[in-house]
Amino acid sequence: MQLTTRQIKLVQATIPTLQQHGVELTRYFYNRMLSNNPDLKEIFNLGNQRNDTQPQALASAVLAYAQNITALQNLDNAISQIVHRHVSLDIQPEQYPIIGTNLLHSISEVLNVPMDSELIEAWSAAYQQLADILIQTETNLYQQQNNTKGGWNGWKKFKIVDKQEESSEITSFYLQPVDNAPLPEYQPGQYISVRVMVPQLGIRQPRQYSLSDSNHPEYFRISVKKEAADQQHKAGYVSTTLHEHYQIGDEIEVTNPTGTFLLHNPDKNTVLISAGVGITPMIAILNTLAAENNPHQQISFIHACRNSNVLAMHQHIIELQQTMPNLHSYLACENPGTELAADKIGRLELAELDRALLPADADYYICGPKQFMHSQYQTLRNLHISQNQIFMELFGTGGVSQLTA
């Protein structure tokens, strides 16, 4: 659908309002849509609504769309990330009109603009243009999944066949399909969605988790951090349910692996930088590289943690180093205690590292909390690492565009 010049100008005229009131608008939109369509609560994670992550992500996306309405090619990477997340949650074309209707009514009601105004008509055309792009791209990805050996669309039943505690916060869950069908090959760094019944809510809830191992033909492994309640946040719905209510033998629902955070050049020097549970996709990448064990490739595994109790998979890295002389690790720990041998006591500062750990020709992968990623990205750029050498994954909703500004 092509917008008229007048419609484009009307959409662009809302940019200042979106910059100032975008989150207020999207928060209102989600409350309106989920109240009018309660069945969608099993698609949209309510924890992300409660902590404002989803409204903030949508507000950023709507603003970026308005800012690039005449140059949508600038949004190719962001659209790709959105498409992969939508497919992971089994979003279908028939849900787009529901979303669009509620979005347009939200714009009308929050901005106090009549539904029959030129502005709402312009945003209706703009929404349909974006929906058409997303639906077609998602259709292609669904077809690609179906055409992949072992692939499927939508939710499929899996059984928990093992649980292993990795730290005081993180537990690994090993998942096998109930029908014992072969699993599709996935790329290290990708994720799956899982859906469980949350007793507290009385409904099923989805959550996306990185696969934390290299490709395996018989099982998926995810390593889940239990998001405990603190003074600022309430306990995570899905992570708490998995940790406290799901045992070996129980069934959960899983979608086909997807995601755009991938190992791009498996033969190139590689630097993996993570914090906390951001270690999980890095372990998948590291295990994939370990299987090849290219002696001409340098791998730097750089991790940051709060204390020794929450540090996961550290022994695994130590064991890999015994067979991989090209693997170099660095650990920054704020409170390592007496038993953990950290390279630095305190927070990670890449500028302090030996430059041998940060080769100029390497690809860099970063995963962890938003502020951590922003800091590492800026430091790498200050060290003259090109932007096209840096790949990032932000846990939760949204993307990484705001990190590179």
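For the structure itself, consult the block above.
Let me begin by describing the structure that accompanies this report.

Here is what the cut-offs are and how they apply
- Residues numbered from 1 in each chain as written.
- Predicted model: local features only at pLDDT ≥ 70, side-chain atom pairs only at ≥ 80, totals over all residues.
- Heavy atoms only, no water.
- Phe/Tyr/Trp six-rings, centres within 6.5 Å; stacked < 30°, edge-to-face > 60°.
- Helix = DSSP H or I, 4+ residues; strand = E, 2+ residues; numbered from the N terminus.
- Buried < 20%, exposed > 50% of the residue type's maximum accessible area, 1.4 Å probe, protein only.
- Lys NZ or Arg CZ within 6 Å of the ring centre and 35° of its normal.
- Arc of directions from axis to C-beta.
- Contact = heavy atoms within 4.5 Å.
- Pairing = 2+ DSSP bridges.
- Axes fitted to C-alpha atoms, helices over the stretch in contact; angles between N-to-C directions.
- Parallel < 35°, antiparallel > 145°, perpendicular 65-115°, else oblique.
- Left-handed = near helix turned anticlockwise from the far one by under 90°.
- Nonpolar A, V, L, I, M, F, W, Y, C, P; charged D, E, K, R; others polar.

Looking at the packing of aromatic side chains
How two aromatic rings sit relative to each other is given by the distance of their centres and the angle of their planes. Per the counting criterion, the structure on display carries nine aromatic pairs. With 5.9 Å between their ring centres and 75° between their planes, Tyr186 and Phe220 make a pair best called edge-to-face. You can see Tyr186 sitting in the loop between strand E2 (170-177) and strand E3 (191-198) and its partner Phe220 sitting in strand E5 (residues 220-225), a full 34 residues away along the chain. Across the pair, exposure class does not vary: Tyr186 and Phe220 are buried alike. Taken together, the aromatic side chains of Trp152, Phe158, Tyr186 and Phe220 make up a single cluster linked through ring pairs. Its end group placed over the ring of Tyr237, Arg50 keeps NZ or CZ at 4.1 Å from the ring centre. Between the NZ or CZ atom of Lys156 and the centre of the ring of Trp152, over which it lies, the distance is 4.9 Å.

Let's talk about helix H1 (residues 5-13)
Among the residues making up H1, those that are buried are Gln7, Ile8, Leu10 and Val11. Viewed along the axis of H1, the buried residues span an arc of 160°, placing them on a single side of the element. Exposed and oriented more than 90 degrees from the buried face of H1 are Thr5, Lys9 and Ala13. Contact partners of the buried residues in H1: helix H2 (15-36), helix H4 (53-67) and helix H7 (118-146).

Quick word on the sheet that holds E2
Pairing in this open sheet of six strands is antiparallel, and the strands run E4-E3-E6-E1-E2-E5 from one edge to the other. This sheet does not close on itself; its edge strands, each paired only once, are strand E4 (203-210) and E5. Across the sheet, the mean angle from the axis of one strand to that of its neighbour is 40°, orientation sign disregarded. Bridge count between strand E1 (residues 156-165) and strand E6 (residues 251-254): four bridges; the pairing is antiparallel. Bridged to Phe158 within E6 is Ile252. Where helix H5 (residues 76-88) meets the sheet, it contacts E3 and E4, and its direction lies at approximately 40° from that of E3.

Observations regarding the packing of helix H9 (residues 279-292) against helix H10 (residues 314-323)
Running from amino to carboxyl end, H9 crosses H10 at an angle of 20°, the nearest separation of the two axes being 12 Å. With respect to their mutual orientation, H9 and H10 come out roughly parallel. Our pair here, H9 against H10, has a crossing hand that is left-handed. Every residue of H10 that contacts H9 at Ile279, Ile283, Leu286, Asn287 and Ala290 is listed here: His316, Ile317 and Leu320. Across the contact of H9 with H10, the residue classes break down as six nonpolar, two polar and no charged.

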